[in-house]
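# Residue-level structural notes
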Amino acid sequence: MRLIARRALLAAPLLAVPMLARAQAAPLVLATIAMIGEPAQRLAGTAARVETLLGEGVDPHLYRPTRADIARLLRADLVLYHGLGLEGRLRDAIGRVAASGRPVLAVGEAVPRDSLIVEDGTPDPHVWMDPTLWGIAADSIAARLSALRPAEAPAIQGNLAAFRAELAALGSWARAAMATIPRERRVLVTAHDAFAYFGRRYELAVEGIQGISTDSEAGVQRIRDLVDLLVARRIPAVFAETSVSDRNIRALIEGAAARGHRVVLGGSLFSDAMGAPGTYEGTYIGMIDHNVTTIVRALGGEVAPRGFQGRLAA
Amino acid sequence: MWEALTFQAGHNAAVVAAGCIAFGLAAGAVGCFVLLRGRALIADAAAHATLPGVAGAFLLGLALGLDPRALPWLLAGGGLTASLAVLAANALARGGRVKDDAAIAVALSVSFGLGAVLLSVVQALPVGGQAGLSGLLLGRAAGMAEADAWTMAAVALVALAVLGALLRPLSALLFDPLQASLAGLPVKALDVALLGLMLLVVLAGLPAVGLVLVVALLIVPAAAARLLTARLPAMAALSAGFGAGSAHLGVAISAAAPGAPTGAVIVLVAVAVFALALLASPRRGLVAALRRRAALLAAARAAAR
Amino acid sequence: MSPVPVALPLPALSLRGLSVAYRTDAVLWNVTWNSPPAGLVAIVGPNGAGKSTLLKAALGLIPRLAGEVRFFGAPLAAVRRRVGYLPQRAAVEWDFPATALDVAAMGRYPRAGWFRPLPRAEREAALAALAEVGMQDVAHRPIGELSGGQQQRVLLARTLAQEPDLFLMDEPFAGVDAATEEAIVGVLQRLAAAGRCVIAVHHDLSTVPRAFDHALLLNREVIASGPAATLLSPENLARAYGRRMSA
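Residues numbered from 1 in each chain as written. Chains lettered and ligands numbered in written order. Predicted model: local features only at pLDDT ≥ 70, side-chain atom pairs only at ≥ 80, totals over all residues.

### A short note on the overall build of chain A
Each helix and strand counted, chain A has 10 helices and 10 strands in total. A principal-axis box enclosing the C-alpha atoms of chain A has dimensions of 100 × 40 × 35 Å. Counting the 314 residues in chain A, one finds 49% classified as buried. (Helix = DSSP H or I, 4+ residues; strand = E, 2+ residues; numbered from the N terminus. Buried ≥ 20, exposed ≤ 12 C-beta atoms within 10 Å, placed from the backbone.)

This is how it looks when you write it as structure tokens:
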């Protein structure tokens, strides 16, 4: 009897090993866009593996999922997507994931409703353009990660605090930089309406050639109206976007030139996609940094050429 | 809209209008001959078959380190696959086991399916969004650059020059190919020339109205012209005019109604012209036919009394 | 005095060992035949005898298995202008935008040049060809609006406008009205009188001895050929048609 009891006692710790092993395997978190995925990985640290479905330069308005994508979505332990209609063609796939009972979070819908910009009843989905709002979104991501790995919650909260601090520094730096743009030049013309939240935060009028979604075709009338604006306000620069064709922007520049007003291409902004993973511009901070620096320089403001932390590509 | 019609709606609108009008002119003129030669369906297959070539050219350009977005490069790829599809359809039909229209349908489906797959590959690439390739499906006329408009004008000039030079041989070929070959005309070479013109127009039309709709501008103005005249030179001129006019009016309407895609509006105008011709044609129109029938009925009844 | 050698006039159409197959069926087999240099020749025989095929194969419109074809002693490519072909009416797309005069004028293009507008003289010649077949009054009517017989005559005008020395006609009298038949007969007689050669596939045995000078009786192979008046004997017809018939 005592022999059996002793063997049982020795064996007990062995039973705990599989449980420990399951706890050690990091869960897989799948984010749709990198503006969610990169911060999410920062917040998770070692607590989870975060992968991003849409790569650098891919347009989330138009992206159609493949079978492999759907399989990845269904395998993930947590799916983070933006919502508010951004990933227009992923709705069905994400619906399937939610229906299967796996945790799903619409990050863009986690910000307060009254801070959303709504046009004709349709919310503008480009929430990440406002670092302040995106900080609130980060809170909800951290909360979900903590729910996934309760043991790691303190570490996650620590990462969140650091991220929020950096966001705050970025925000005040951006505010100061944008304020140096002369009053009459405070107009941001881009390929599509992705910068409304950005413009609201930094007091810039924003105009896009295409609408909120790149799915809509640009109209000749719209280009004409924008040419009128460029000429009337003598705006020196317009901006392309990395995930959208610059054809319409070039037409705009031609149109202004035909009226004797020289407009330059101020640069290529990150709107619906970030830079290459592994680079500074492939991080959320880097993306906003690049956009602010490019815009301020092109519109005649003052800002350090290497940006917020001197880390922008030269 | 009146401003747009009179080219006073700004530089961009004028460029778009000029480019589309040149394209409509070329498409109408070439389309007249394509229609009479019975190649309308092949034209549609060729247009759809540009997609794998365009997407493939993009991927190849990326791999080779060229600028993959350059339009001439993309259109060259499109032209290559379109030609292959036409050859494939011909080969299938000539074997005798597959009927003409089935062969064309097969070539169209295979090409377009392959193109859709390649397009999704492109869209998942880092620079895929910049390519704007999906704009070639339904057209992206609004952002037309001056250079594009000049290219359209050149295409129109080439098309008109070739058609003008080959007018008589083509007429003979279209009416009676057997007799044409007996007369010593190089029938195969003429057919190749016509096919080449058709491909040129299809490729020129991709940025303007897109590959799905370009065949409409080849065929619909020609069909409308056919209803209104019984002589080939007049039909070609009328068809070119309808094509150019539909483009002019279509661009003006889409400038005034900002939500409407330019290519689609142009096609709708062309269809409206066709509908008018169908109703109003003195010889072949519906109204005239109804009148003749009514007169016939009245005469028959009068005779019976 | 030694006799001066006189060159014999060459046959308008000369066939040697012509064989044509459709897939695996032999439609014409080993046809060797010389037409006279001028005059009206009828090609007759039962349905499926290969009569139309003979004309088309001679012209290279369908491929042949074997055999040689000469027109006035030369290959077709050398004497294209001298050979005219009147196809069956159904072979043409009549929904084409052209007037009767446009079609007749097509016969003048090889002569007048393909790349210039038609000179006035050529237009007059085309109009004259229409007049020969009695179609001058509908010169500007679209061909789609013409009756079957009128269309047949317009095609004949096109061939006449070409001014060939040899006419190959595929069933010129098939399904035409009396006026058209009369017009065509008139044309044939004028052509014969002018020293041209007309070789016509003909379906009506009864009219052959009256209307034609020579005949070729065909049923995949040459059954007989010779003067039209005596060729259609009961024996020949029996061999061609497989039973006793009276002409």
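After presenting the structure, the write-up continues.
### Things to note about the confidence of the model for chain C
The share of residues in chain C with pLDDT of 70 or more is 96%, and the mean pLDDT across the chain is 89. What the predictor reports for the complex is a pTM of 0.85 with an ipTM of 0.85. (pLDDT = per-residue confidence, 0-100.)

### Notes on the sheet that holds strand E2 (residues 25-34) of chain C
Residue and element names in this part refer to chain C. Taken in spatial order, the 3 strands line up as E2-E1-E4 in an open sheet, and their pairing is antiparallel. The open sheet is flanked by E2 and strand E4 (66-71), the only strands paired with a single partner. Each strand of the sheet is rotated relative to its neighbour by a mean of 20 degrees, with strand direction disregarded. Where strand E1 (residues 13-22) lies against E4, 5 bridges are found, and the strand directions are antiparallel. The residue bridging Ser14 from the neighbouring strand is Arg70, located in E4. (Pairing = 2+ DSSP bridges. Axes fitted to C-alpha atoms, helices over the stretch in contact; angles between N-to-C directions.)

### Considering the pairing of E1 of chain C
Residues and elements named next belong to chain C. Here E1 pairs with E2 via 6 bridges, running antiparallel. Residue Ser14 lies in a different strand from E2, and its bridge partner there is Asn34. Between the end of E1 and the start of E2, which pair antiparallel, lie 2 residues, with Arg23 showing a positive phi angle near 55 degrees.

### Remarks on the interface of chain C and chain B
Between chain C and chain B, the contact holds 19 residues from the first and 19 residues from the second. Contributions of two or more residues to the side of chain C that touches chain B are made by helix H2 (100-106) and helix H3 (109-112) of chain C. (Contact = placed C-beta atoms within 7 Å.)

### Regarding the packing of helix H3 (residues 40-48) of chain B against helix H6 (residues 100-123) of chain B
Residue and element names in this part refer to chain B. Remark: H3 packs on H6, axes separated minimally by 8 Å, with the N-to-C direction vectors making an angle of 15 degrees. Between H3 and H6, the crossing angle belongs to the class labelled roughly parallel. Crossing of H3 over H6 shows left-handed handedness. Contacts between H3 and H6 involve Leu41, Ile42, Asp44, Ala45 and His48 from the former and Asp101, Ile104, Ala107, Leu108, Ser111 and Phe112 from the latter. (Parallel < 35°, antiparallel > 145°, perpendicular 65-115°, else oblique. Left-handed = near helix turned anticlockwise from the far one by under 90°.)

### Things to note about the nonpolar core
Leu80 of chain A, Ala26, Val30, Ala46 and Met198 of chain B together with Ala104 and Ala215 of chain C are the most contacted members of the largest nonpolar core, which has 280 residues in total. Considering every element that reaches this core, the biggest residue donor is helix H2 (residues 11-36) of chain B, with 20 residues. Counting residues domain by domain, this core receives three or more from each of domain 1 (10-174) and domain 2 (182-298) of chain A. In this structure, Val30 of chain B is in contact with Ala159, Leu163, Leu197, Met198, Val201 and Leu218 of chain B, ignoring residues within four places of it in sequence. (Core = buried A, V, L, I, M, F, W, Y, C linked by C-beta atoms within 7 Å. Domains from an automatic or database assignment.)

### A few points about the arrangement of the chains
Highest in contacts among the 2 pairs of chains that touch are chains A and B. Between chain A and chain C there is no contact, and the shortest C-alpha to C-alpha separation is 39 Å.

### Things to note about the interface of chain B and chain A
Listed by partner, the interface residues are 31 residues for chain B and 32 residues for chain A. Breaking the side of chain B that touches chain A down by element, the ones donating at least two residues are H2, H6, helix H7 (128-131) and helix H14 (232-256) of chain B. In terms of residue class, the side of chain B that touches chain A is built from 15 nonpolar, 14 polar and 2 charged. (Nonpolar A, V, L, I, M, F, W, Y, C, P; charged D, E, K, R; others polar.)

### Some thoughts on the environment of His203 of chain C
Residue and element names in this part refer to chain C. Mapped onto the elements, His203 comes out in the loop between strand E7 (197-201) and helix H7 (208-211). With 158 residues separating them in the primary sequence, His203 and Gly45 have C-alpha atoms 7.6 Å apart. Excluding anything up to four places from it in sequence, His203 contacts Glu171 and Ala174.

### Structural notes on the sheet that holds strand E2 (residues 49-52) of chain A
All names here are of chain A. Spatially, the 4 strands line up as an open sheet ordered E2-E1-E3-E4, and their pairing is parallel. The outermost strands of the open sheet, each flanked by one partner alone, are E2 and strand E4 (104-106). The sheet shows a mean angle of 20 degrees between the axes of neighbouring strands, direction not considered. Helix H2 (residues 34-44) contacts strand E1 (28-31), E2 and strand E3 (78-81) of the sheet and is inclined by roughly 170 degrees relative to E2.

### A few points about the domain arrangement of chain A
By a widespread convention, an interface's size corresponds to the accessible area lost as its parts come together. All names here are of chain A. Taken domain by domain, chain A holds domain 1 (10-174) and domain 2 (182-298). Each of domain 1 and domain 2 has a C-alpha centre, and the two are 28 Å apart. Sorting the residues of the side of domain 1 that touches domain 2 by element identifies H2, helix H5 (131-148) and helix H6 (153-179) as the ones contributing at least two each. The element best represented in the side of domain 1 that touches domain 2 is H2, accounting for 4 residues.

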